[in-house]
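Geometric and topological summary
What follows is each chain in one-letter form.
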Amino acid sequence: MAWIFKKAPKLDIAEILYDTGEVHYRYSRKMSKDGTKWIREGAFVEYHRDGSVASEGQYDDGLETGLWKDYHENGVLAAEGEYREGEEVGVWRFYDEQGELESEEDYDAEEE
């Protein structure tokens, strides 16, 4: 059996704090190829001040990708939908603080 290894970019974890010291954002990032700036890569989480998750998703080379979810401060799902190359795609669903569906928006339909 032969193993093939690809050099993966070194990821760094960033934490951005509220002015009161609680974590506001936590995400992984990598250095740009030219070494001049950080680019979000991988997991991203935003937190409410109480420490509960406000938003979570993934980045691919600095662009939102895949399933993203936002949450109300009470922990109930507020919104969910997919990103592709930093753009909302497909049907996004929006919920009230009790978890009842409030609306849907089809981003693919807007292109037609």
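Keep in mind that this is a model prediction, so the values were computed, not measured.

A few points about the overall build of the protein
- Along its length, the protein carries zero helices and eight strands.
- Walking the protein from its N terminus toward its C terminus, one meets helices and strands in the order β-β-β-β-β-β-β-β.
- In the protein, the share of contacts with a sequence separation of at least 24, taken over all contacts with a separation of at least 6, comes to 9%.
- Roughly 8,100 Å² of accessible area belongs to the protein as shown, and the carbon and sulfur atoms make up 48% of that amount.

Considerations on the sheet that holds strand β2 (residues 23-31)
- Read from one edge to the other, the open sheet built from eight strands follows the order β1-β2-β3-β4-β5-β6-β7-β8, with strand pairing classed as antiparallel. On the outer flanks of this sheet lie β1 (11-17) and β8 (101-106), each paired with one strand and no other. Strand after strand, the sheet turns through a mean of 15 degrees between neighbouring axes, direction not considered.
- In terms of strand pairing, strand β6 (residues 77-84) meets strand β7 (residues 87-95) through five bridges, oriented antiparallel.

Details of the nonpolar core
- Membership of the largest hydrophobic core is limited to eight residues, which are A14, Y27, F44, Y59, W68, Y83, W92 and Y107.
- Sequence-distant contacts of W92, defined by excluding residues within four places in its chain, comprise W68, E80, G81, E82, Y83, S103, E104, E105 and Y107.

Topic: the environment of E97
- Of note, E97 is situated in the loop between β7 and β8.
- Along the sequence, E97 and G75 sit 22 residues apart, while their C-alpha atoms lie 8.6 Å from each other.
- The contact partners of E97, leaving out residues within four places of it in the chain, are H72, N74 and V76.

Notes on a negative patch on the surface
- On the surface, a cluster of negative charge is made up of D60, E85, E87, E88, E105, D106 and D108.
- Of all the secondary-structure elements, those providing two or more residues to the negative patch are β7 and β8.
- With respect to the secondary-structure elements, E105 resides in strand β8.
- Take E105: its relative accessible area is 31%, and that puts it in the partly exposed class.

Overview of the environment of V23
- Following the sequence through the fold, V23 ends up in strand β2.
- Among all residues touching V23, those that are not within four sequence positions of it are E15, I16, L17, Y18, Y47 and H48.

A few points about the side chain of D96
- Tracing the sequence through the fold places D96 in the loop between β7 and β8.
- No salt bridge is formed by the buried D96, whose closest oppositely charged neighbour, R93, lies at an N-O distance of 14 Å.
- At a separation of 2.9 Å, a polar atom in the side chain of D96 contacts the main-chain amide nitrogen of E100.
- In contact with D96, other than residues within four places in its own chain, are H72, V76, L77 and E102.

Thoughts on the pattern of salt bridges
- Under the criterion given, the structure shown has six salt bridges.
- A salt bridge links R29 to D12; the shortest N-O distance between them is 2.9 Å. Within this pair, whereas R29 is found in strand β2, its partner D12 is found in strand β1, the two being separated by 17 residues in sequence.
- Residues R93 and E104 are paired through a salt bridge, measuring 3.0 Å at the closest nitrogen-oxygen approach. Here R93 is found in strand β7, whereas its partner E104 is found in strand β8, with eleven residues between them in sequence.
- The exposure class of E104 is partly exposed, given its relative accessible area of 47%.
- Several salt bridges converge on common partners, so that one network encompasses K30, E41 and D61.

Parameters and conventions
- Note that residues are indexed from 1 along each chain, following the sequence as it is written.
- Local features in this predicted model are restricted to residues whose pLDDT is 70 or higher, and side-chain atom pairs enter the listing and the counts only when it is 80 or higher, whereas totals over whole chains, interfaces and linings include all residues.
- Each side-chain value is worked out from all heavy atoms of the structure, with water and hydrogens disregarded.
- For helices the rule is a DSSP run of H or I covering at least 4 residues; for strands it is a run of E covering at least 2, with both sets numbered from the N terminus onward.
- Residue contacts follow a heavy-atom distance rule, with two residues in contact if any of their heavy atoms lie within 4.5 Å.
- All accessible-area figures derive from a Shrake-Rupley calculation using a 1.4 Å probe, and residue coverage is judged against the displayed protein chains alone.
- In this analysis, strands are considered paired if DSSP registers two or more bridges between them.
- Each axis is a line fitted through C-alpha atoms, taken for helices only over the stretch in contact, and angles between the N-to-C directions span 0 to 180 degrees.
- Buried Ala, Val, Leu, Ile, Met, Phe, Trp, Tyr and Cys residues that are joined via side-chain atoms within 4.5 Å together make up what is termed a nonpolar core.
- Partly exposed describes any residue whose relative accessible area lies between the buried limit of under 20% and the exposed limit of over 50%, with all areas from a 1.4 Å probe on protein chains only and scaled to the type maximum.
- Every patch collects residues that have over 30% relative accessible area and no salt bridge, joining them within 9 Å if they carry like charges and within 5 Å if they are nonpolar side chains (Val, Leu, Ile, Met, Phe, Trp, Tyr).
- In the sections that follow, a salt bridge refers to a side-chain nitrogen of Lys or Arg positioned within 4 Å of a carboxyl oxygen of Asp or Glu.
- The charged-residue count follows a simple rule in which Lys and Arg add positive charge and Asp and Glu add negative charge, with His and chain termini not counted at all.
- To locate a charge, take atom NZ for lysine, CZ for arginine, CG for aspartate or CD for glutamate.
- By the criterion applied in these results, polar contacts are pairs of N or O atoms within 3.5 Å in which, for protein atoms, one can donate a hydrogen and the other can accept it, and in which residues neighboring in sequence qualify only through two side-chain atoms.

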